[in-house]
Each structure stands twice: as structure tokens, then as C-alpha cells.
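Architecture at a glance
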Amino acid sequence: MLVLATTLGVRTALVAAGLVGLVVALPILWVRDLDGGTAARAAGRRAGPERGRQRAVFTPALLALTVFFAFLSLSSSGITNFSVVALMSAYGLPLSAANLALSAYLTASAFGVLSGGFVADRTRRHGQVAAAGFAVNAVIILLIGTIGFPPLVLVAAMGTAGFLSGMIMPSRDMLVRAAAPTGAIGRAFGIVSIGLSTGGMIGPMLFGWIMDRGAPHWVFGASVIFMLLTVAFALIGDRRSANRRRLLVSPIGSTSR
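Our subject in this report is the structure included herewith. (Residues numbered from 1 in each chain as written. Predicted model: local features only at pLDDT ≥ 70, side-chain atom pairs only at ≥ 80, totals over all residues. Heavy atoms only, no water.)

**Focus on the side chain of Ser-223**
Mapped onto the elements, Ser-223 comes out in helix 8 (residues 217-256). Classification of Ser-223 by relative accessible area gives buried; the value is 0%. Residues in contact with Ser-223, not counting those within four places in the same chain, are Ser-75, Gly-78, Ile-79, Ile-141 and Phe-207. (Helix = DSSP H or I, 4+ residues; strand = E, 2+ residues; numbered from the N terminus. Buried < 20%, exposed > 50% of the residue type's maximum accessible area, 1.4 Å probe, protein only. Contact = heavy atoms within 4.5 Å.)

**Some points on the packing of helix 5 (residues 126-146) against helix 6 (residues 151-179)**
Helix 6 packs onto helix 5 with a crossing angle of 160 degrees between their chain directions and a minimal axis gap of 8 Å. With respect to helix 6, the element helix 5 is oriented roughly antiparallel. Considering how the two elements wind past one another, helix 5 and helix 6 form a crossing that is left-handed. Every residue of helix 6 that contacts helix 5 at His-126, Gly-127, Val-129, Ala-130, Gly-133, Phe-134, Val-136, Asn-137, Ile-140, Ile-141 and Ile-144 is listed here: Leu-154, Ala-157, Met-158, Thr-160, Ala-161, Leu-164, Ser-165, Ile-168, Ser-171, Met-174 and Leu-175. For the contact of helix 5 with helix 6, a count of residues per class yields 15 nonpolar, seven polar and no charged. (Axes fitted to C-alpha atoms, helices over the stretch in contact; angles between N-to-C directions. Parallel < 35°, antiparallel > 145°, perpendicular 65-115°, else oblique. Left-handed = near helix turned anticlockwise from the far one by under 90°. Nonpolar A, V, L, I, M, F, W, Y, C, P; charged D, E, K, R; others polar.)

**Thoughts on helix 3 (residues 60-91)**
For helix 3, spanning 32 residues, the distance from its first C-alpha to its last is 43 Å, which sits close to the expected 46 Å at 1.5 Å a residue. A maximum bend of about 70 degrees is found in helix 3 at Phe-82. (Expected span 1.5 Å × (residues − 1). Bend = angle between axes of the 7 residues up to and from the residue.)

**Notes on the pattern of salt bridges**
Tallied over the entire structure, the rule returns one salt bridge. Its salt-bridge partner being Asp-173, residue Arg-172 comes within 3.0 Å of it at the nearest N-O pair. The class of Arg-172 is buried, set by a relative accessible area of 14%. Using a relative accessible area of 26% as the deciding quantity, one classes Asp-173 as partly exposed. (Salt bridge = Lys/Arg side-chain N within 4 Å of Asp/Glu carboxyl O.)

Have a look at this one:
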């Protein structure tokens, strides 16, 4: 996008981004046709029992995860949207170096998601995985915001932070699946996505206000605070999901005895 904006103009770059959206829509339509029959059969089997469960979707676990998603969105918003201008303002980095650091963050995040999928398949402690990833991430971002790094070390640090932020994404989604009532996974993701949207709405205003106050270091500082809050709510959501699993299993165990 930076290359398109600088060579062909901002409008052309925006048009190109819109065209990519149309390309992305094609495989989504194709997948919808493939799983339509299965989804319809599953919906038919669940129709009866689910009428009585619809009121139970707003559980404490899902509400905690909604807040978790909001803090997650706030923590990532500062890095992805304002780290370049903050690095330039705080440390006098050239645009190319600051943009390279952000590119390393975003690229490593994609590989982190892939690796996180393997991690999520091998554990049920998804909340602890998410908490550990964000805790280490908070330390890295804190160091970037307080002491700074030379350009090459900065790129490596941002890449590591991006990898960790991507790695927790599958575990994040597994937390939602574990907390969702039976047959209500779609509604559960809809509820927690409110947190993502809320964080996405507040983040630009908050970090823009920070930059307007001439405090670029606090772009990273505020992100660290939100990361630590994300750690806390990840552990809360994991504990509530574990309690729910025990409640579901205990009647079966008591019956067998």
C-alpha cells in the first residue's frame, strides 16, 4: 500500500484495496456453497433444543471474553495504526525504517497464526497460551517504547511481537468456542465481536489524542496497559470456561457412579 500510495497516489491505492476485497469474496462464496448442506442439516437437528437455550447466550464467560476482545483490539490498534508515526516522532527514525518495522510485525503475525493453530491443537489451556503470549508481547512493546532499539534490532523486536500476537489468535477463538453454549457458536462469536468493533472504534481516537498531546512513547505505553488487561481477561475467560466444562461433565460422572 505504501508503494502504491507513493508511486500512483492515495486514491489509486484505495481503489486497489477495494479490488482486493472483491477477490477475497470469491472463495468465500465458493465455501458457502460447499458447506451449505451440512449447515442446514445441523440447524435442523438443533432447532428444537436451541429454542430453550437462546436466552443463555449472554453468559458471564462470554461477557468477559467480549471485554477481552475489546482490550485485544485496543492493544493491537496502537501498534498497527500508530507505531510508524510514533517511532518517527519519538526516535527520529526515517519513514522507511519505521514502516519496515511495522511490515515485520504484520508479516510475522501471519506466520504466528499458522504456528498458533498447531499449539491450539495440542492443548486445552488456551487462556494460558493467550496470556503468556500477550505477557511476553507486553514486555517487548514496553522496551520499544521506553529505551528504543537500533533499526535492525527494532525490526527483529517488532517481528517477534507480531509473531506472538498472531500465535494467540487460534487460542483466542478456541476460548470463544469453549465458552459458547451448545449450538450457539455463531451467536457467541457475534457477541464477542462487539468487543472487537468497540476497540476498533475507540483505538484510533485514543491513540490519535495521545499523538496530538506530543506523547509518542505513550502509544506503546497504552498498548502495554491494554495487553496486560487482555492477559487478565484471558485468564478469567479460561477459568469460567473450565468451570463450565466441569459442570457439564459432573452430571455424567455422578450418573455413572
